[in-house]
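As a plain string of letters, each chain reads:
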Amino acid sequence: MNTTVNQNRSFLYFICAVSAMGGLLFGYDWVVIGGAKPFYELYFGIADSPVMQGVAMSTALVGCLFGAMVAGAAADRFGRKPLLTTAAVLFTVSAVATGLFNDFTLFNIARFIGGMGIGVASALSPMYIAEVSPAQIRGRMVSLNQMTIVLGILAAQIVNLLLARDTSVAESQAWNVAWGWRWMFWAETVPAAAFLVMSFFIPESPVFLRMKAAATPQHSEQAGLRELAQSKYARVLVLGLVIAVFQQWCGTNVIFNYAQEIFVGAGFDVDGMFINIVITGIANVVFTFVALYTIERWGRRTLMLIGAGGLGLIYLTLGTCYFLEVKGFAMVCLVVTAISVYAMTLGPVTWTLLAEIFPNRIRGVAMATCTFALWVGCCTLTFSFPSMNAALGSSGTFWIYSGICLCAFLFLFSRCPETKGKSLEQLEQELI
């Protein structure tokens, strides 16, 4: 009996780990561009154009919107497994093409394809894990997806650090501009191909199979946006949308995507920037491990409140330090603290809540809708940061993020339920 239980648990860990590879590639593809940014901007001649810089950084995020838009309906129609395989194909194609193209337009098309992979994976990976996991460990297992996201982020940061040659040497800088940024993208091909192969060895979600088996002629059509818009789902849909958008507009993700501006503004050169980026990546991984243990003990609601309130105070302090022109180690400590708070709260808990709060029948379309909203938030955040930073300075920008966090704290305090330890069916009865 114990052997059977251990085998079942091992298989559960395996299929969750395979699904979570979508998160690994999500994290890598999302952040690798931050390290490549100083070099491809020189290669494409956009180093002095904030608008074109915003376009390059946002193209993948627009792809995320399209990927998330189609993910829900496609997952409800074809199943969760085929969509995970599709995401793996998109990641593989994008990894090769992004480093291959010499034209800025083609570069952005390749980034758009990778963004579609992120959009699909970000919606499907946590949903698949939630549907195959027992209630008592569901939060921890869904948090595994966030763990792979941060490992992907750290992997991208380390690859960028190892590939970027000494910027003080002219020959090395020339190599960075000609080839370094290409290899940063090409390195993603290895995990993308592994994800593609292993996606063929996982089963379909049991929730999806039950939905297909239990379908009646009256309910044979998959849930769509019209059903999602029914008044009985309004409360939980608004909650999901706010949580999704807030995870992006809390401001933490600009630290990854615009690390160059943030650390250079704090007084570091480019080489110091890369080292500090890796430090933030390590903190991200360490505190995501903390989340794996606290999410089932402290609960989702408590962690969300800690994240919103904690980041609000940290960004208030960080903005003040930029205003007072504080530089050096103190600024790194504040940035690492912000990353740490985010990693153990809003990062993993957002995906867990989104995968839990919706009923089985509408989970696919609801998850896709909230993921779409999340990437709208990410896209607008990423595109607006260069202009906000230029107009308001780093101090004003982080003060705005602080205000957003404190407003979200008030909303979550009044509206966010506790979901730990409850089955998906029990949550449906309580929330709908």
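Each value, and the rule that gives it
- Residues numbered from 1 in each chain as written.
- Predicted model: local features only at pLDDT ≥ 70, side-chain atom pairs only at ≥ 80, totals over all residues.
- Heavy atoms only, no water.
- Helix = DSSP H or I, 4+ residues; strand = E, 2+ residues; numbered from the N terminus.
- Buried < 20%, exposed > 50% of the residue type's maximum accessible area, 1.4 Å probe, protein only.
- Areas by Shrake-Rupley, 256 points an atom, 1.4 Å probe, with all protein chains shown as cover.
- Axes fitted to C-alpha atoms, helices over the stretch in contact; angles between N-to-C directions.
- Parallel < 35°, antiparallel > 145°, perpendicular 65-115°, else oblique.
- Left-handed = near helix turned anticlockwise from the far one by under 90°.
- Nonpolar A, V, L, I, M, F, W, Y, C, P; charged D, E, K, R; others polar.
- Core = buried A, V, L, I, M, F, W, Y, C linked by side-chain atoms within 4.5 Å.
- Contact = heavy atoms within 4.5 Å.
- Phe/Tyr/Trp six-rings, centres within 6.5 Å; stacked < 30°, edge-to-face > 60°.
- Lys NZ or Arg CZ within 6 Å of the ring centre and 35° of its normal.
- pLDDT = per-residue confidence, 0-100.
- Patch = residues over 30% accessible without salt bridge, like charges linked within 9 Å, V, L, I, M, F, W, Y side chains within 5 Å.
- Salt bridge = Lys/Arg side-chain N within 4 Å of Asp/Glu carboxyl O.

Some thoughts on the overall build of the chain
Tallying secondary structure elements over the chain gives 18 helices and 0 strands in all. Evaluated residue by residue, the chain yields a buried proportion of 59% over its 432 residues. Accessible surface computed for the chain: about 16,400 Å², of which carbon and sulfur atoms make up 70%.

Topic: the packing of helix α14 (residues 300-323) against helix α17 (residues 363-415)
At a minimum axis distance of 7 Å, the contact between α14 and α17 shows a crossing angle of 160 degrees. In terms of orientation, α14 and α17 fall into the roughly antiparallel class. Relative to α17, the crossing made by α14 is left-handed. When grouped by side-chain class, the residues that make up the contact of α14 with α17 number 18 nonpolar, 7 polar and 1 charged.

So, the nonpolar core
Judged by nonpolar contacts, the single largest core of 116 residues is most densely connected at Tyr40, Leu124, Leu311, Tyr315, Trp375 and Leu412. By size, the runner-up hydrophobic cluster in this structure holds 6 residues, among which are Met147, Leu154, Val278 and Val285.

Details of the packing of helix α16 (residues 346-356) against α17
Relative to each other, α16 and α17 sit at 150 degrees, their axes nearing to 9 Å. As summarised for this structure, α16 and α17 are arranged roughly antiparallel, according to the angle between their axes. Where α16 approaches α17, its residues Trp351, Leu354 and Ala355 are matched on the opposing element by Arg363, Met367, Cys370, Thr371 and Leu374. Residues of the contact of α16 with α17, tallied by class, amount to 6 nonpolar, 1 polar and 1 charged.

Observations concerning α16
Most of α16 is tucked away: 11 of the 11 residues are buried. Leu346, Gly347, Pro348, Val349, Thr350, Trp351, Thr352, Leu353, Leu354, Ala355 and Glu356 are the residues of α16 that are buried.

Side note on the environment of glycine 115
With respect to the helices and strands, the residue glycine 115 is situated in helix α4 (residues 104-132). Of the residues examined, glycine 115 reaches a relative accessible area of 0% and is grouped as buried. Distance from glycine 115 to aspartate 29, taken between C-alpha atoms, is 8.0 Å for residues 86 residues apart in sequence. Those residues in contact with glycine 115 that sit more than four places away from it in its chain are Asp29, Ala60, Gly63 and Cys64.

Some words on the packing of aromatic side chains
Applying the stated criterion across every chain yields a total of 23 aromatic pairs. Ring centres of tyrosine 43 and tryptophan 181 lie 5.5 Å apart, and the angle between their planes is 55 degrees; this geometry places the pair in the tilted category. Pair noted here: tyrosine 43 is in helix α1 (residues 2-44) and tryptophan 181 is in helix α6 (residues 170-186), with a separation of 138 residues, a long-range link. Here tryptophan 181 falls in the buried class, since its relative accessible area comes to 0%. Counting every residue linked through ring pairs, the aromatic cluster contains Tyr40, Tyr43, Phe44, Phe104, Phe107, Trp181 and Phe185. In this structure, arginine 182 is placed above the aromatic ring of tyrosine 43, and the distance from its NZ or CZ to the ring centre is 5.0 Å. In this structure, arginine 301 packs its charged tip against the face of phenylalanine 413, placed 5.3 Å from the ring centre.

Observations regarding the environment of arginine 415
Its place among the elements puts arginine 415 in helix α17. Between the C-alpha atoms of arginine 415 and leucine 239, which are 176 residues apart in sequence, the distance is 7.2 Å.

Quick notes on the confidence of the model for the chain
Per-chain confidence: the chain averages 84 in pLDDT, with 90% of residues scoring 70 or above. Looking across the chain, the model is least confident in helix α12 (residues 259-265), with a mean pLDDT of 64, and most confident in helix α7 (residues 189-198), with 94. Low confidence marks residues 1-5, where pLDDT is under 50. Its contacts with residues over four positions away, or in another chain, come to 0 contacts. In the model, residues 217-221 has pLDDT below 50 throughout and makes 3 contacts with residues more than four positions away in sequence or in other chains.

Looking at a nonpolar patch on the surface
Together, Phe11, Phe14, Val197, Phe200 and Phe201 line one region of the surface with nonpolar side chains, adding up to about 530 Å² of accessible area. Within the secondary structure, valine 197 is located in helix α7.

Some thoughts on the side chain of glutamate 131
Here glutamate 131 shows up in helix α4. Apart from residues no more than four positions distant in its own chain, glutamate 131 is found in contact with Arg80, Ser205, Pro206, Val207, Phe208 and Arg363.

Considerations on the side chain of serine 199
Relative to the helices and strands, serine 199 resides in the loop between α7 and α8 (206-213). For serine 199, the residues in contact, after removing those within four places along its chain, are Val18, Lys81 and Thr85.

Quick look at the environment of leucine 144
The topology assignment puts leucine 144 in helix α5 (residues 138-163). Taking the C-alpha atoms as reference, leucine 144 lies 9.7 Å from methionine 21; in sequence the two are 123 residues apart.

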